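# Results of the structural survey
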Amino acid sequence: KRLVIMGVYVEGRMRRHTEPEPDAIRAMLAEGWGSKESAFTTAYMMSYFPEGPLDAVMDYVRITTASCPRDQALRIRDASNSDSIAGFLAQVRCPTLIIHSRDDGVHPISEARKLAINIPDAELVILETANLIPLPGQPEWPRMMQAVLDFLDD
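Residues numbered from 1 in each chain as written. Predicted model: local features only at pLDDT ≥ 70, side-chain atom pairs only at ≥ 80, totals over all residues. Heavy atoms only, no water.

### Focus on the packing of aromatic side chains
- With the rule as written, the count across this model stands at three aromatic pairs.
- Ring centres 5.5 Å apart and planes at 75° place the aromatic pair Y44 and Y48 in the edge-to-face group. Here Y48 and Y44 lie together in helix 3 (residues 39-48), a separation of four residues that amounts to about one turn.
- On the numbers, 5.3 Å between centres and 15° between planes, the contact of F49 with Y60 is stacked. One end of the pair, F49, is in the loop between helix 3 and helix 4 (54-67); the other, Y60, is in helix 4, with eleven residues separating them in the sequence.
- Classification of F49 as buried rests on a relative accessible area of 5%.
- Among the residues examined, Y60 registers a relative accessible area of 33% and is labelled partly exposed.
- Connected via pairs of aromatic rings, a cluster forms that spans W33, Y44 and Y48.
- The cationic tip of R2 hangs over the ring face of F151; the distance from NZ or CZ to the ring centre is 4.3 Å. (Phe/Tyr/Trp six-rings, centres within 6.5 Å; stacked < 30°, edge-to-face > 60°. Helix = DSSP H or I, 4+ residues; strand = E, 2+ residues; numbered from the N terminus. Buried < 20%, exposed > 50% of the residue type's maximum accessible area, 1.4 Å probe, protein only. Lys NZ or Arg CZ within 6 Å of the ring centre and 35° of its normal.)

Quick look at the structure:
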C-alpha cells in the first residue's frame, strides 16, 4: 500500500556519465572481499557510511562479507552500475516516500530528485548526512525513523 525508498538511484553510474571514471568501489570489492575485516572492504563500506559510527560500519562489513560470496558481490556491483529503473517509475501506484542524504557521495541527490519527479504521489525527504542512510546514534537517525513511521501511519 505504501513504499519507502532509501538511498537509491534511477540510473547506474555507467549510465549517468558519457565518460565514466574507473570504479574504485568495484576495485575495493575485488581486492578485499572475503578477507576478514579487510581494509579494502572497510574502505568500500566507508564510502557508503563516511560518518560512521565505525563499530556499526564494521558490523555491516562482517554481515555482508559473510552472507555474500565475492563473485556475487561483484556481479551485483556490475549490474547496479549499468542498470536503469527509469522505465518503471511511472508504474508505481502507491504513495512513495523517498529518503536521501544530501551529501551521499555514492548516489547523488539528483538521482533522488529524479525518483521524486517521476514517481506519481512521491514525497522526498532530504537528510543532513553523508551516510547513505543514517545509522543508529547519528543525529538524523530519529528524523529518518519519524519520517518513515509518520508516512506508514497515514
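### Comments concerning unusual backbone geometry
- With an omega of 5°, the peptide bond running from G52 to P53 counts as cis.
- With respect to the helices, strands and loops of the structure, P53 is situated in the loop between helix 3 and helix 4.
- Although it is not a glycine, D121 sits at a positive phi angle of roughly 60°.
- Structurally, D121 is set in the loop between helix 6 (109-118) and strand 3 (122-127).
- By relative accessible area, which is 58% here, D121 ends up exposed.

### As for the nonpolar core
- Counting residues in hydrophobic clusters, the biggest one holds 26 residues, and the most contacted among them are Y44, Y48, F49 and I99.
- Mapped by element, the contributors of at least two residues to this core are helix 2 (24-32), helix 3, helix 4, helix 5 (70-82), strand 2 (96-101), strand 3 and helix 7 (140-153).
- For this core, the leading source of residues is helix 2, giving four residues.
- In contact with I99, not counting residues within four places along its chain, are V4, I5, M6, G7, V125, L127, M144 and V148. (Core = buried A, V, L, I, M, F, W, Y, C linked by side-chain atoms within 4.5 Å. Contact = heavy atoms within 4.5 Å.)

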